[in-house]
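Architecture at a glance
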Amino acid sequence: MQLFPCPFCGPRSETEFHFGGDAGNRRPEGFRAVTDGEWAAYLHDRNNPRGAANEIWMHMTCGEVFRMERDTVHHGVAQAFALLEGGGDDGLAH
Amino acid sequence: MTRHYSALSLLKEGLRSQQGWQQAWRSPEPKPRYDILIIGGGGHGLATAYYLAKAHNIRNIAVIEKGWLGGGNTGRNTTVVRSNYFFPESTALYDLALRLYETLGRDLNYNIMLSQRGIVTLAHSEAEMEMAARTVNAMQINGTDAELFGVDEVRRVLPLLNVSPEARYPVFGGVWQGRAGTARHDAVAWGYARAADRLGVDIIQSCEVEEFLIEGGRCRGVKTSRGEIRAERTAMVVAGHSSHLAAKAGFRLPITSYALQACVSEPIKPVLDTVVLSPGTGTYASQSDKGELVIGGALDRVPSYGQRGNLPMLEGVVSGLLEMFPSFRQLRLMRQWAGIVDVTPDSSPILGESPLPGLFLNCGWGTGGFKAIPAGGTLLAHLLATGKHHDISRPFDPDRFARGRLIDEAAGSGIAH
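The text that follows walks through the structure, step by step, so that each part is easy to find. (Residues numbered from 1 in each chain as written. Chains lettered and ligands numbered in written order. Predicted model: local features only at pLDDT ≥ 70, side-chain atom pairs only at ≥ 80, totals over all residues. Heavy atoms only, no water.)

**Concerning the pattern of salt bridges**
Residues and elements named next belong to chain B. Inspection of every chain in the model, using the stated rule, returns 26 salt bridges over all chains. Among the ionic pairs, Asp186 bridges to Arg184, the shortest N-O distance being 3.3 Å. Using a relative accessible area of 17% as the deciding quantity, one classes Asp186 as buried. Classification of Arg184 by relative accessible area gives partly exposed; the value is 32%. Two residues, Lys290 and Glu292, come together in a salt bridge whose shortest N-O distance is 3.6 Å. Counted as one network, the salt bridges with shared partners bring together Asp95, Arg99, Glu102, Asp145 and Arg179. (Salt bridge = Lys/Arg side-chain N within 4 Å of Asp/Glu carboxyl O. Buried < 20%, exposed > 50% of the residue type's maximum accessible area, 1.4 Å probe, protein only.)

Right under this line is the structure:
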């Protein structure tokens, strides 16, 4: 059982968390300017890195959405940030 | 030297103390240039090489593998073959694979131990029974075999299943596909490797891709841990590591890599002579020829390249199995492992040319790659040899994501990959 650090609740079981995709995956703006390819890349293409990853997660029990830096091979968590406390480039529309 | 495998050669070699068996495939040094280079020595990569040589008469081919043959997902799956999908495009694809599996042992002169013992996909509620009927209708219309089972028929093929109305997961019936079954996973890789080697394909193990050779905007081969290898066309057939290699080639894929776990029990006498799948409990099981129960389930929910798996999913899979088969409670688990699978947004594979011209993709099979090996090999070979899609692979081109023509089997057949 792995523990993930929720910035609001602290360390909790991995089963309480939901993966939210790459941090920094910004929605392309401009209804007519965005091509099919750009829209498909935003919707579907993923960094999916082997090693260091920078991801958005949701702690489902408290509803906190946050950014987590972790390693996809050894599963070690480097850091977790609350988005509103300078969590950096999260890809979410504010 | 004995090359052909048969009862007669077994007898002959038995009388000669097994001294005359020839090595199943060579271990050649890589040449500097090939017509076609295939990255990935799993089932799909080896099958692609075999069909290129056999069906398209292209012999100057190499398969390079960073580890050992079939050491990735080909050797980590639960060996089930089936074609019980919803959409016509999927049935055409997976039934091609199943039909090729039916004659593969003879075609390769290698016993892949195909056992068409049937698969039953259980329905645990009235609503699931309605979906089961819809699946059966779709499969029959798409031209593959399917039958709707009531609870009596389920009890007939699964006598140990708890079908009591008080069961935690009551059984209402299920979908039966009689042509489905299991095949020995290692034998599929080894059989293709041996047959491809016989046709002149160079199979090079312990050879890892470090970077792609890109000249004039085209893929011209790869730089590997054993030197540069150039090729007219290169294919990337690396399952869960597709995004990792794609990043080296300069593009991203609509893929997320997850660990998919499986485990086996200690060997016991025959108790289960079919494959049972329960989407409701997230568990499936079959019994191997050695007597072990081979148990699998859904994906871990954390994207991962660690070939281990996390505990919560294993716990869920095993507890689901024990609710369905109470008599399995006394068994001990012998081994547990995981493979890294490449999951696409629509749970369907990707076959086609990549954004880097000259580099072709066979990936995105998710949790279901083993069953599709003969089809994946046939279709990628067709694409590499002719430069054009086979009719069956056309819908699975990566262009479907921009065109919005997804083939959503997660929604269609409820298959969780």
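**With respect to the sheet that holds strand E14 (residues 283-287) of chain B**
Residue and element names in this part refer to chain B. A sheet is described by the order of its strands in space; here 8 strands give the open sequence E5-E6-E4-E13-E14-E15-E12-E16, paired in mixed fashion. Taken across any chain shown, the strands that pair with only one partner, and hence form the sheet edges, are strand E5 (147-150) and strand E16 (333-343). Neighbour-to-neighbour, the strand axes of the sheet open up by a mean angle of 25°, direction not taken into account. In terms of strand pairing, strand E13 (residues 275-278) meets E14 through 3 bridges, oriented antiparallel. Bridging across to E14, Val276 finds its partner in Ala285. Running at roughly 20° to strand E6 (residues 173-177), helix H4 (residues 126-141) makes contact with strand E4 (119-123), E5 and E6 of the sheet. (Pairing = 2+ DSSP bridges. Helix = DSSP H or I, 4+ residues; strand = E, 2+ residues; numbered from the N terminus. Axes fitted to C-alpha atoms, helices over the stretch in contact; angles between N-to-C directions. Contact = heavy atoms within 4.5 Å.)

**A look at the interface of chain A and chain B**
Between chain A and chain B, the contact holds 28 residues from the first and 24 residues from the second. Summing the contributions of chain A and of chain B, the shared interface buries around 2,100 Å²; its carbon and sulfur component is 49%. Together, A:His44, A:Asn48 and A:Arg50 form the three largest contributors to the area buried by chain A at its contact with chain B, with a combined 30%. Inspection of the chain A/chain B interface yields 1 salt bridge. (Buried area = accessible area lost by both parts, 1.4 Å probe.)

**Regarding the side chain of B:His124**
Residues and elements named next belong to chain B. Relative to the helices and strands, His124 resides in the loop between E4 and H4. Relative accessible area serves as the criterion here: at 9%, His124 is assigned to the buried category. A distance of 3.1 Å separates a polar side-chain atom of His124 from the backbone oxygen of Pro170. Every residue in contact with His124, bar those within four places of it in the chain, is listed here: Tyr169, Pro170, Val171, Phe172, Ser278, Gly280, Thr281 and Met324. (Polar contact = N/O pair within 3.5 Å; in protein donor to acceptor, adjacent residues only side chain to side chain.)

**Examining unusual backbone geometry**
Residues and elements named next belong to chain B. Here the phi dihedral of Asn57 falls at roughly 55°; this positive angle occurs in a residue that is not glycine. Note on placement: Asn57 falls in the loop between helix H2 (43-56) and strand E2 (61-64). Overall, Asn57 belongs to the exposed group, its relative accessible area being 55%. Residues other than glycine seldom take positive phi values, yet Thr79 does so here, at roughly 65°. In this structure, Thr79 sits in the loop between E2 and strand E3 (80-81).

**Describing the pairing of strand E11 (residues 227-236) of chain B**
Residue and element names in this part refer to chain B. In this structure, strand E1 (residues 33-39) lies alongside E11, joined through 6 bridges in parallel fashion. When the sheet's bridge partners are listed, Ile38 is paired in E11 with Ala235. Where strand E10 (residues 218-224) folds back on E11, the antiparallel hairpin that results is connected by 2 residues. In this structure, E11 lies alongside strand E18 (residues 359-363), joined through 3 bridges in parallel fashion. When the bridges of E18 are listed, Met236 appears paired with Leu361.

Purely geometric numbers; function is a separate question.
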